[in-house]
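Residue-level listing of the chains:
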Amino acid sequence: MRKVIGIGETILDIIFENEKPQRAIVGGSVLNGMVSLSRLGVPVTFISEVGDDRVGDIVYNFMHENGMITHYIDRFQARKSPVSLAFLGADRNAEYIFHTDYPEKRLNIPFPEINEDDIFVFGSFYALNPLFRKRFLEFLEEARRCKALIYYDPNFRPSHKAEVLSLRASVAENCSYATIVRGSNEDFYHLYEMADMNDVYSEIIRHYCDCFITTHGSDGVNLYTENVCAHFNSKKVNPVSTIGAGDNFNAGIVYGLLKYEVGYRDVPSLTEMDWAKIIQCGIDLSSEVCCSYSNYISSEFAQKYK
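As a starting point, this report considers the structure included with it. (Residues numbered from 1 in each chain as written. Predicted model: local features only at pLDDT ≥ 70, side-chain atom pairs only at ≥ 80, totals over all residues. Heavy atoms only, no water.)

Evaluated as defined, the whole model comprises 18 aromatic pairs. A centroid spacing of 5.0 Å and a plane angle of 80° characterise the contact between Phe-188 and Phe-212, whose relative ring orientation is edge-to-face. Here Phe-212 lies in strand β11 (residues 212-215) and Phe-188 lies in helix α5 (residues 185-192), a separation of 24 residues in the sequence. For the pair Phe-188 and Phe-212, one class covers both residues: buried. Clustering of aromatic rings is evident, with ring pairs tying together Phe-111, Phe-120, Phe-122, Tyr-126, Phe-132, Phe-136, Phe-139 and Tyr-152. The ring of Tyr-293 carries the charged tip of Arg-23 above its face, separated from the ring centre by 3.8 Å. The ring of Tyr-102 carries Arg-106 above its face, with NZ or CZ at 3.7 Å from the centroid. (Phe/Tyr/Trp six-rings, centres within 6.5 Å; stacked < 30°, edge-to-face > 60°. Helix = DSSP H or I, 4+ residues; strand = E, 2+ residues; numbered from the N terminus. Buried < 20%, exposed > 50% of the residue type's maximum accessible area, 1.4 Å probe, protein only. Lys NZ or Arg CZ within 6 Å of the ring centre and 35° of its normal.)

The next point concerns the side chain of Thr-215. Assignment of secondary structure puts Thr-215 in strand β11. With residues near it in sequence (within four places) discarded, Thr-215 still touches Arg-182, Gly-183, Ser-184, Asn-185, Gly-220, Val-221 and Phe-249. (Contact = heavy atoms within 4.5 Å.)

When the terminal C-alpha atoms of helix α7 (residues 245-259) are compared, their 20 Å separation across 15 residues agrees well with the 21 Å that a helix rising 1.5 Å per residue should span. Extensive coverage of α7 is indicated by the burial of 13 of its 15 residues. Within two residues after α7, Glu-261 carries a phi angle of roughly 55°, on the positive side. (Expected span 1.5 Å × (residues − 1).)

Another point: the environment of Tyr-208. Turning to its location among the elements, Tyr-208 is positioned in the loop between α6 (197-203) and β11. Once the C-alpha coordinates of Tyr-208 and Val-240 are considered, the two residues, 32 residues apart in sequence, prove to be 36 Å apart. Excluding residues that lie within four positions of it along the chain, Tyr-208 makes contacts with Ala-172, Cys-175 and Ser-176.

The following block contains the structure:
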């Protein structure tokens, strides 16, 4: 059976509305999607790190309770687990402040077994961090060697804008490993100061990766491949919170690839009709998450969706 392996940060999100804390939710850009996939019955392994403290226990136990394989979680000692403060604005988007206390040696864990057509998911600044870039590339090399389908979401936040020139080379290198690159139009504007995603694909991404998906919030989804250029409409929803929307769009795409039995060698030959079914899964999951304060789909929704 095909499995999904994700790598990324784990964090406890404390969500604020009107400057007051409302709830604490286990999060992390890749982790959010992995939780949804696990609730959908997909075998999920997650590679990450979390402190050996009370917050770390909350995060670790949450992953375990949601059926994720946690053998590759590095429980570092004598440091605090990461926490983020997420401030919801009137548009239901969030601004973040991160508090981290990582050790010097990072990702001190082996790589899990991976087979051809398994799906490897990575992204965010975690995939760019120069402090453990060499170790991160070892994971990517292993996934490529095994012919896994590699899914990359840059998820580039404005907080790293000052570092953008030094980080572009790492983004390009990540894209060169990827089978599919997916990001929001805002991600690529922050990265390249280009507003037209056609230009981003033709001038940058296609030189590294053939398959490019961009999400535009309520304005829908664009797809660019060597053979297909298409637009797909979003669902009309009244969002409660957009935290986790992009992460769950990723989960939906991964779920669609599994559901429709798309392997590593199949991606280049997918038609617009094939992509429409896969992307609809992404739209379904992201729309569902926007209608709640959760970072992932509910178990009830997952049971119905399966």
